[in-house]
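Here are the chains, one letter per residue:
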Amino acid sequence: MKKQGYYLLFTLILLIFTSSCSSHISTNLDKDNFQKYFSAATVEIYQHEQDIPTHHQLIGVVEGQDCQEKSHHAEPDKINARTKARQQAFKKQANGIVFTGCAELSSEQLAQLSQSSDAQQCHALIICYGKAYFIEVEASTDNEE
């Protein structure tokens, strides 16, 4: 009987432990995280405004940055900066973008821009600028019978 008591006690403790943990489980699987992550994919890149195939309207100017915080961190990446600009365009309800340029600033250039090097937040920085457009989507015709 003593052995049964230990099994019962162990089962009870295990049950209490698992039930108390189940109410505190959290994950980073959030619908908003998915939408933010994939939002850039819905904004199509065009080389020039003339390349936009249908009626379109300029929504505004957007920018994206990628910062190298410390010299031993990864260098800033133009693709990350452009992706952030596309995410900003998506927030403005744009579905197209034309990049007008990117600028790379070194630590020396950033130090010159800031009054003191203590205020400098990035070791190096890439900034990409673009024009965000709302592009009318042509209705597809499925009359091919």
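Conventions and cut-offs
- Residues numbered from 1 in each chain as written.
- Predicted model: local features only at pLDDT ≥ 70, side-chain atom pairs only at ≥ 80, totals over all residues.
- Heavy atoms only, no water.
- Helix = DSSP H or I, 4+ residues; strand = E, 2+ residues; numbered from the N terminus.
- Buried < 20%, exposed > 50% of the residue type's maximum accessible area, 1.4 Å probe, protein only.
- Contact = heavy atoms within 4.5 Å.
- Areas by Shrake-Rupley, 256 points an atom, 1.4 Å probe, with all protein chains shown as cover.
- Core = buried A, V, L, I, M, F, W, Y, C linked by side-chain atoms within 4.5 Å.
- Pairing = 2+ DSSP bridges.
- Axes fitted to C-alpha atoms, helices over the stretch in contact; angles between N-to-C directions.
- Disulfide = S-S within 2.5 Å.

*Asks:* Run through the overall build of the protein chain, naming residues and quoting values.
*Replies:* A count of helical and extended segments in the protein chain gives four helices and four strands. Mapped from its N terminus to its C terminus, the protein chain presents α and β elements in the order α-α-β-β-α-β-α-β. The buried share of the protein chain, reckoned over its 145 residues, is 25%. Across the protein chain, contacts joining residues at least 24 apart in sequence account for 76% of those joining residues at least 6 apart. Surface accessibility of the protein chain: about 11,500 Å² in total, with carbon and sulfur atoms responsible for 54%.

*Asks:* Give me the lowdown on the nonpolar core, citing residues and values where you can.
*Replies:* The nonpolar side chains of a soluble globular protein tend to be buried with one another. Counting eleven residues, the largest nonpolar core is built from Val43, Val62, Ala81, Ala85, Ala89, Ala94, Ile97, Phe99, Ile126, Cys128 and Ala132. Of all the secondary structure elements, the ones that give two or more residues to this core are helix H3 (78-91), strand E3 (96-105) and strand E4 (124-135). Every residue in contact with alanine 94, bar those within four places of it in the chain, is listed here: Val43, Ile59, Ala89, Ala132 and Tyr133.

*Asks:* I'd like a rundown of the sheet that holds E4, residues and numbers included.
*Replies:* In spatial order, the strands read E1-E3-E4-E2; together these four strands make up an open sheet with mixed pairing. With partners counted over all chains shown, the strands left at the sheet margins are strand E1 (44-46) and strand E2 (56-68), one partner each. With strand direction ignored, the average angle separating the axes of adjacent strands in the sheet is 35°. Relative to E3, E1 runs parallel, the two sharing three bridges. Looking at E3, one finds that glutamate 44 is bridged to glycine 96. The strands touched by H3 are E1, E2, E3 and E4; relative to E2, the strand with the most contacts, the crossing angle is about 140°.

*Asks:* Report on the state of the cysteines, specifying residues and quantitative values.
*Replies:* Throughout this description, disulfide means a covalent bond between two cysteine sulfur atoms. Tallied over the entire structure, the rule returns two disulfides. Here cysteine 67 connects covalently by a disulfide to cysteine 122, the sulfurs 1.9 Å from one another. Sign of the S-S torsion, about -125° for the bond between cysteine 67 and cysteine 122, identifies this disulfide as left-handed. Residue cysteine 67 is found in strand E2, and its partner cysteine 122 is found in the loop between helix H4 (107-113) and E4; the two are separated by 55 residues along the sequence. Here cysteine 102 is linked by a disulfide to cysteine 128, with a sulfur-sulfur distance of 2.0 Å. As the torsion about the S-S bond is roughly 110°, the cysteine 102-cysteine 128 disulfide counts as right-handed. Taken together, the residues cysteine 102 in strand E3 and cysteine 128 in strand E4 connect sequence positions 26 residues apart.

Distances and angles like these do not, on their own, reveal function.
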